[in-house]
Amino acid sequence: MAKELNKNGALRVLMDMCGEESSSNLAVMALEKLLQYDLAAKYWHLGSLSQIDIIGDGFYDTGAHKPGDDFKSCKYLMDKKVDNKRAVLYIGTQGSEPEPVDLKSESSTTGSTTNIKTGRSTAKGKKSHKEEKKEEIPEAEAPKEIKDTSKPRLDSSFKEYIEEVTSTVQPLPTQLEQIKGLSVFVSNQMGGPVSDLSKFSSDLHIAQLKADLKSNVIPIGFVKRGIYYHRALLFKALADRIGVPTSLVRGDYNRAWNVITLMEGTAKHYIVDLMAE
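Everything numeric in this text was worked out from a predicted model, so none of it was measured.

Moving on, we get to the sheet that holds strand 2 (residues 59-61). Judged by pairing direction, the sheet is mixed, and its three strands sit side by side in the order 2-3-7 without closing on themselves. Strands with a single pairing partner mark the edges of an open sheet, and in this sheet they are strand 2 and strand 7 (217-219). On average, each strand axis in the sheet is inclined to that of its neighbour by 30°, with strand direction left out of account. As paired strands, strand 2 and strand 3 (residues 88-91) are joined by three bridges and run antiparallel to one another.

Shown next as structure tokens:
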């Protein structure tokens, strides 16, 4: 419901109302409630997600909110022509399957044509009378599979990440060990520790992904050379899946980080470093 309201302009109306000097508490409360049920919009607008904001399938990070901008739906962003702006990162275990490249393949040795969809082979050249008779009876066509174009490409890597951290990180005996284990895992999936950002070539990698996918929206598991904001989002998404309380905070210049809380007599907050050794 919240996403539908945002599509119809409710978020913009409430943001404008809250920006007025005479804004009412009711408008502020309505905006907070709306954002609570659409975490993608919340992160876009506020630049942070708390430990109780659990990222699920369908979340996407469009980048920082700029004055005058409207929050765009994922479908709108997917339909846009590929540009050179910051990629939109998508979190999800479901998505559209890639279209098959060829339905037929030709054999050079037998002179036959094989239909990949049915697995049947038909010899080229003259056919017998029986074969011609059979061919007069048209076969019923199999129903065409309807592709889901409302979601980005299926992210099998992210599904594997969830399975791996669930089996290896979640069972660790303490929260500190879970955080360390998850930090190492995320860093390894995103290209390892980075000592010199100028030599890491993340921008080139992301540009190539956008070209290959023909989309500005990239599933997080496709990113193999990620920097601050890629890593922080992946850490938060995986931490939420295995029950490790984590915040996500956006900074300037494509920076983002995670904040965790450890009880050491009193609650102490720490920033997770996903770029260094």
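The rest of the description comes next.
A separate point is the pattern of salt bridges. Counted under the stated rule, the structure contains nine salt bridges. The partner of Arg 86 in a salt bridge is Asp 61, and the shortest N-O contact between them spans 2.7 Å. Within this pair, whereas Arg 86 is found in the loop between helix 5 (74-79) and strand 3, its partner Asp 61 is found in strand 2, the two being separated by 25 residues in sequence. By relative accessible area, which is 24% here, Arg 86 ends up partly exposed. With its nearest N and O atoms 3.2 Å apart, the salt bridge here joins Asp 61 to Arg 250. Taken together, the positions of Asp 61 in strand 2 and Arg 250 in strand 8 (residues 247-250) put the pair 189 residues apart, joining distant regions of the chain. Taking the relative accessible area as the measure of exposure, Arg 250 reaches 17% and is therefore buried. Taken together, the shared-partner salt bridges in this structure form one network comprising Asp 61, Arg 86 and Arg 250.

Moving on, we come to the environment of Lys 180. Residue placement: Lys 180 occurs in helix 8 (residues 175-189). Residue Lys 180 is classed as exposed on the basis of its relative accessible area, which comes to 52%. Along the backbone, Lys 180 and Val 169 are 11 residues apart, and their C-alpha atoms lie at a distance of 9.0 Å.

What follows deals with the pairing of strand 10 (residues 266-272). As defined by bridge partners, strand 9 (residues 256-264) adjoins strand 10 across seven bridges and the pair is classed as antiparallel. Within strand 10, the residue paired with Ile 260 across the bridge is Tyr 270. Between the antiparallel neighbours strand 9 and strand 10 lie one residue, among them Gly 265 with a positive phi of about 85°.

This paragraph deals with the packing of helix 7 (residues 156-168) against helix 8. Contact pair helix 7 / helix 8: the axes reach a minimum separation of 11 Å and the direction vectors enclose 155°. By the angle between their axes, helix 7 is roughly antiparallel relative to helix 8. The interaxial crossing formed by helix 7 with helix 8 has right-handed handedness. Contacts between helix 7 and helix 8 involve Tyr 161, Glu 164 and Val 165 from the former and Leu 182, Phe 185 and Gln 189 from the latter. Residue composition of the contact of helix 7 with helix 8, grouped by class: four nonpolar, one polar and one charged.

Across all of its chains, the model carries four aromatic pairs by this definition. A ring pair is formed by Tyr 43 and Phe 59, whose centres lie 6.3 Å apart and whose planes are at 40°; its orientation type is tilted. You can see Tyr 43 sitting in helix 4 (residues 39-46) and its partner Phe 59 sitting in strand 2, a full 16 residues away along the chain. Tyr 43 sits in the buried class, given a relative accessible area of 3%. Relative accessible area serves as the criterion here: at 4%, Phe 59 is assigned to the buried category. Judged by centre distance (5.6 Å) and plane angle (85°), the ring pair of Tyr 161 and Phe 185 falls under edge-to-face. On the criterion of sequence distance, the pair formed by Tyr 161 in helix 7 and Phe 185 in helix 8 is long-range, its members being 24 residues apart. Given a relative accessible area of 4%, Tyr 161 falls into the buried group. In this structure an aromatic cluster arises from ring pairing among Trp 44, Tyr 60 and Phe 71. The residue whose ring lies beneath Arg 255 is Tyr 228, and the NZ or CZ to ring-centre distance is 4.1 Å.

Moving on, we get to the side chain of Lys 42. Residue placement: Lys 42 occurs in helix 4. When near neighbours in sequence (up to four residues on either side) are disregarded, Lys 42 contacts Leu 35, Gln 36, Gly 47, Ser 48, Leu 49 and Asp 53.

About the thresholds
- Residues numbered from 1 in each chain as written.
- Predicted model: local features only at pLDDT ≥ 70, side-chain atom pairs only at ≥ 80, totals over all residues.
- Heavy atoms only, no water.
- Pairing = 2+ DSSP bridges.
- Helix = DSSP H or I, 4+ residues; strand = E, 2+ residues; numbered from the N terminus.
- Axes fitted to C-alpha atoms, helices over the stretch in contact; angles between N-to-C directions.
- Salt bridge = Lys/Arg side-chain N within 4 Å of Asp/Glu carboxyl O.
- Buried < 20%, exposed > 50% of the residue type's maximum accessible area, 1.4 Å probe, protein only.
- Parallel < 35°, antiparallel > 145°, perpendicular 65-115°, else oblique.
- Left-handed = near helix turned anticlockwise from the far one by under 90°.
- Contact = heavy atoms within 4.5 Å.
- Nonpolar A, V, L, I, M, F, W, Y, C, P; charged D, E, K, R; others polar.
- Phe/Tyr/Trp six-rings, centres within 6.5 Å; stacked < 30°, edge-to-face > 60°.
- Lys NZ or Arg CZ within 6 Å of the ring centre and 35° of its normal.

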